[in-house]
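Descriptive structure summary
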Amino acid sequence: MQQDHLEIKEVQFPNATFLPEIVKLMEEGHTVTLRLKGFSMRPFLEDNRDKALLAKPIKTQLGDVVLAETSPKHYVLHRVVKIDGDKVTLRGDGNLGTEQCTLSDIKGFAIGFYRKGREKIDKTNGWKWRTYSFVWCSLLPLRRYLLAFYRRIWLRFFKPI
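Residues numbered from 1 in each chain as written. Predicted model: local features only at pLDDT ≥ 70, side-chain atom pairs only at ≥ 80, totals over all residues. Heavy atoms only, no water.

Assigned secondary structure in the chain consists of three helices and eight strands. The helix and strand sequence of the chain, counted from the amino end, reads α-β-β-β-β-β-β-β-β-α-α. The dimensions of the chain, computed from C-alpha atoms along their principal axes, are 60 × 45 × 30 Å. Residues classed as buried in the chain amount to 37% of the 161 residues present. Once local pairs closer than 6 in sequence are excluded, the contacts in the chain between residues at least 24 apart make up 49%. For the chain, the computed accessible surface area is about 10700 Å², with 56% contributed by carbon and sulfur atoms. Where the 28 positive side-chain charges of the chain centre and where its 18 negative ones centre are 8 Å apart. (Helix = DSSP H or I, 4+ residues; strand = E, 2+ residues; numbered from the N terminus. Buried < 20%, exposed > 50% of the residue type's maximum accessible area, 1.4 Å probe, protein only. Contact = heavy atoms within 4.5 Å. Areas by Shrake-Rupley, 256 points an atom, 1.4 Å probe, with all protein chains shown as cover. Lys, Arg positive; Asp, Glu negative; His and termini not counted. Charge placed at Lys NZ, Arg CZ, Asp CG, Glu CD.)

Here it is in structure tokens:
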């Protein structure tokens, strides 16, 4: 029997329940696309708007955006800002503070992002993402003011899609 219209249903689960299952899939070699939740990667990745394409990490490097388990069943998608032996320091693009984990706590690596409802991926190894990353990371001393402007002024006039 052929169906002309299939209904797609989106279901949301708590991260503590859902993400360990996603990690298992990545460990088996699958890639996974996740809708992003939270504001820690603002201003370029928005809550419930953008999606990340994740895979099992091979070699973690500075600047990589990774899915890490920072405490039991607590996962974050942040950028690697420092690696000192086995100790990794992470910071969300929209955060001023950092978080710590170990290399073994890194469960996924972002291959790219589907932003603003687009079907074309912005690959993390592409010129667009690398340029954005370089500029945004270079602006760390000004980030507090840029993020305040973004939240208080920009979002009032230009709501995310």
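The rest of the description comes next.
Following the sequence through the fold, Leu 53 ends up in strand β2 (residues 51–55). Assessed through its relative accessible area of 15%, Leu 53 is described here as buried. Between the alpha carbons of Leu 53 and Thr 124 there is a distance of 9.9 Å; along the sequence they are 71 residues apart. In this structure Leu 53 touches Thr 31, Val 32, Thr 33, Phe 109, Ala 110, Ile 111, Gly 112, Tyr 114 and Ile 121, once residues within four positions along its chain are discounted.

Our focus in this paragraph is the layout of surface pockets. Left-over empty space is what a probe sized like a water molecule reveals as it rolls over the atoms. Volume-wise, the largest pocket comes out at about 600 Å³. Lining the largest pocket are 30 residues, and of these Asn 15, Leu 34, Arg 35, Leu 36 and Lys 37 sit closest to its centre. Residues that form the lining of the largest pocket fall into these classes: 16 nonpolar, seven polar and seven charged. (1 Å grid on protein atoms, 1.4 Å probe; cavity = no way out; pocket = protein on both sides within 12 Å on 5 of 7 lines; lining within 4 Å. Points joined across faces, edges and corners; volume = space filled by probe spheres on them. Nonpolar A, V, L, I, M, F, W, Y, C, P; charged D, E, K, R; others polar.)

With that out of the way, let us pick up the environment of Val 11. Along the chain, the position of Val 11 falls in the segment before α1 (15–27). Judged by its relative accessible area of 48%, Val 11 falls in the partly exposed class. Taking the C-alpha atoms as reference, Val 11 lies 33 Å from Gln 61; in sequence the two are 50 residues apart.

Take the confidence of the model for the chain next. When the pLDDT values of the chain are averaged, the result is 89; 96% of them are 70 or greater. Per-residue pLDDT, averaged within each element of the chain, yields its smallest value for helix α3 (residues 143–157) (86) and its largest for strand β5 (residues 87–91) (96). (pLDDT = per-residue confidence, 0-100.)

Across a regular strand the side chains alternate sides, sitting on one face of the sheet and then on the other. Burial of strand β1 (residues 32–35) is one-sided: the residues Val 32 and Leu 34 facing one way are buried, the residues Thr 33 and Arg 35 facing the other way are not. Where β1 lies against β2, four bridges are found, and the strand directions are antiparallel. Within β2, the position partnered with Val 32 by the bridge is Leu 54. (Pairing = 2+ DSSP bridges.)

On the surface, a cluster of nonpolar side chains totalling about 560 Å² of accessible area is made up of Phe 149, Ile 153, Trp 154, Phe 157 and Phe 158. With respect to the helices and strands, Trp 154 occurs in helix α3. Owing to a relative accessible area of 38%, Trp 154 belongs among the partly exposed residues under this scheme. (Patch = residues over 30% accessible without salt bridge, like charges linked within 9 Å, V, L, I, M, F, W, Y side chains within 5 Å. Salt bridge = Lys/Arg side-chain N within 4 Å of Asp/Glu carboxyl O.)

This paragraph deals with helix α2 (residues 127–138). Across its 12 residues, α2 extends 16 Å between first and last C-alpha, which sits within 8% of the 16 Å expected from 1.5 Å per residue. Three or more residues of α2 are buried, namely Trp 129, Tyr 132, Ser 133 and Trp 136. Projection of α2 onto a plane perpendicular to its axis shows the buried side chains occupying an angular sector of 100 degrees, all on one side. The exposed set on the far side of α2, more than 90 degrees from its buried face, consists of Trp 127, Arg 130 and Phe 134. For α2, the elements touching its buried residues are β3 (65–71), β4 (74–84), β7 (106–114), β8 (122–123) and α3. (Expected span 1.5 Å × (residues − 1). Arc of directions from axis to C-beta.)

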